[in-house]
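Take a look at the letters that make up each chain.
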Amino acid sequence: MDGSGRSIRLVVADDSLLIREAARQMLGATPGIDLVAICADGTELARTVEQHRPDVVVTDVRMPPGGDDEGVRFAIDARRIDPHMGVVLLTQYAEPSLGAALFEGGANGRAYLLKERIGDRAELRAAIEVVAGGGTVIDPAIVQQLLATPRSRRSDPLDELTSRELEILAEMAEGKSNAAIAQSLVLTKHAVEKHIGSIFQKLELGDEQDVSRRVAAVLVYLSKD
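Let me sum up the structure you'll find in this document.

Criteria and thresholds
- Residues numbered from 1 in each chain as written.
- Predicted model: local features only at pLDDT ≥ 70, side-chain atom pairs only at ≥ 80, totals over all residues.
- Heavy atoms only, no water.
- Buried < 20%, exposed > 50% of the residue type's maximum accessible area, 1.4 Å probe, protein only.
- Helix = DSSP H or I, 4+ residues; strand = E, 2+ residues; numbered from the N terminus.
- Arc of directions from axis to C-beta.
- Contact = heavy atoms within 4.5 Å.
- Pairing = 2+ DSSP bridges.
- Axes fitted to C-alpha atoms, helices over the stretch in contact; angles between N-to-C directions.
- Parallel < 35°, antiparallel > 145°, perpendicular 65-115°, else oblique.
- Left-handed = near helix turned anticlockwise from the far one by under 90°.
- Nonpolar A, V, L, I, M, F, W, Y, C, P; charged D, E, K, R; others polar.
- Core = buried A, V, L, I, M, F, W, Y, C linked by side-chain atoms within 4.5 Å.
- Polar contact = N/O pair within 3.5 Å; in protein donor to acceptor, adjacent residues only side chain to side chain.
- Expected span 1.5 Å × (residues − 1).

## A look at helix H8 (residues 178–185)
- If you check which residues of H8 are buried, you get Ile181, Ala182 and Leu185. For H8, the arc enclosing every buried residue in end-on projection is 100°, short of the 170-degree limit, so these residues lie on one face.
- For H8, the elements touching its buried residues are helix H7 (163–173) and helix H9 (189–203).
- Looking at the residues trailing H8, positive phi occurs at Val186, about 55°.

## Looking at the pairing of strand E5 (residues 110–114)
- With 5 of its 5 residues buried, E5 lies for the most part within the structure.
- Here E5 shows no split at all, with Arg110, Tyr112 and Leu114 on one side and Ala111 and Leu113 on the other all buried.
- With 5 bridges connecting them, strand E4 (residues 86–91) and E5 associate as parallel partners. Opposite Leu89, over in E5, you have Tyr112 as the bridge partner.

## Section: the packing of H7 against H8
- Two elements in contact, H7 and H8, have axes separated by 10 Å at closest approach and are oriented at 125°. The pairing of H7 with H8 is recorded here as oblique in orientation. Like other packed secondary-structure pairs, H7 and H8 cross with a definite hand, here right-handed. Facing Arg164, Glu167, Ile168, Glu171 and Met172 of H7, the residues of H8 in contact are Ile181, Ser184 and Leu185.
- Taken together, the residues that form the contact of H7 with H8 break down as 4 nonpolar, 1 polar and 3 charged.

## Side note on unusual backbone geometry
- For the peptide bond that leads from Pro64 to Pro65, omega is 5°, which places it in the cis range.
- Even without a glycine there, the phi angle at Arg53 is positive, about 45°.
- With respect to the helices, strands and loops of the structure, Arg53 is situated in the loop between helix H2 (42–52) and strand E3 (56–60).
- Of note in this structure, Val186 is not a glycine but carries a positive phi near 55°.
- By the element assignment, Val186 lies in the loop between H8 and H9.
- For Val186, a relative accessible area of 71% gives the class exposed.

## With respect to the nonpolar core
- Membership of the largest hydrophobic core comes to 47 residues, with the highest contact counts inside it found for Leu45, Phe74, Phe103, Tyr112 and Met172.
- With 5 residues, H9 is the largest single contributor of residues to this core.
- Setting aside residues up to four positions removed in sequence, Phe74 forms contacts with Leu45, Val49, Val57, Thr59, Met85 and Val87.
- Within the second largest apolar cluster, 22 residues are counted, among which are Ile19, Leu90, Ala111 and Ile128.

## Some thoughts on the environment of Glu165
- By the secondary structure assignment, Glu165 is in helix H7.
- Placed 32 residues apart in sequence, Glu165 and Gly197 show a C-alpha to C-alpha distance of 9.9 Å.
- Contacts of Glu165, omitting those with residues within four sequence positions, involve Glu160, His195, Ser198, Ile199 and Lys202.
- A polar contact of 2.9 Å, which involves the side chain of Glu165, links it to the backbone nitrogen of Thr162.

## Overview of H9
- For H9, built from 15 residues, the straight-helix expectation of 21 Å at 1.5 Å per residue is met to within 8% by its first-to-last C-alpha distance of 21 Å.
- Inspection of H9 places Val192, Ile196, Ser198, Ile199, Phe200 and Leu203 among the buried residues, and these make up the whole buried set.
- Downstream of H9 by a residue or two, Glu204 has a phi angle that is positive, lying close to 55°.

## Observations regarding the side chain of Lys115
- Topologically, Lys115 is positioned in the loop between E5 and helix H5 (121–132).
- Take Lys115: its relative accessible area is 11%, and that puts it in the buried class.
- Of the polar contacts made by the side chain of Lys115, one reaches the side chain of Asp60; its length is 3.0 Å.
- Beyond its immediate sequence surroundings of up to four residues, Lys115 is in contact with Asp14, Ile19, Asp60, Leu90, Thr91 and Gln92.

## Some thoughts on the packing of helix H3 (residues 70–81) against helix H4 (residues 96–103)
- Axis separation between H3 and H4 bottoms out at 9 Å; the angle between their running directions is 15°. Here H4 runs roughly parallel to H3, going by the angle between their axes. In terms of crossing hand, the pair formed by H3 and H4 is left-handed. For the pair H3 and H4, the contacting residues are Val72, Ala75 and Ile76 in the first and Leu98, Ala101 and Leu102 in the second.
- Here the residues of the contact of H3 with H4 are counted per class, giving 6 nonpolar, no polar and no charged.

In structure tokens:
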């Protein structure tokens, strides 16, 4: 449910029949979720959103008719259609450029998850609720994949991060507080704060307090070759 206590009106879009049926079974009977429509392609999605004006859309990155980045382009257009509409973008594997495009217009009300999350009702529902409230979710597994991917740039600030700083960045991707990170990595809170300060200085990310927005900035950075 959203902050007002009413059910979140949801539209799901994916060209895979199996995924659509999984979504129907997973979300159709989920308390607090009102699954108003399931779409098979980008054209149907645009028409359905115009008709139903849902609170949140869960969509695959790649769908017909274009078959490339239909989901991302929808997420960008959605800000024009309804600035308050949340979008959960599902991807088969980490794609820095698509993640960067998703967050380019702002991280609020956006989630970037691995497609396998469609099978985890609790996790998917949590992401839907977060974006419905204007928050941001980035799959920690995606960030870990991106950080582990060899980068071709000759000079890369990420290469300056220590192994401990990379661990902390991955923890941040899960939305953990400094205290939770300290507990997870068996560090003092002060040590975590110092490491985070070092990370942001090296990556030139500024000093915003919203963890997900800062990780979104890392995705934008990772997309630049």
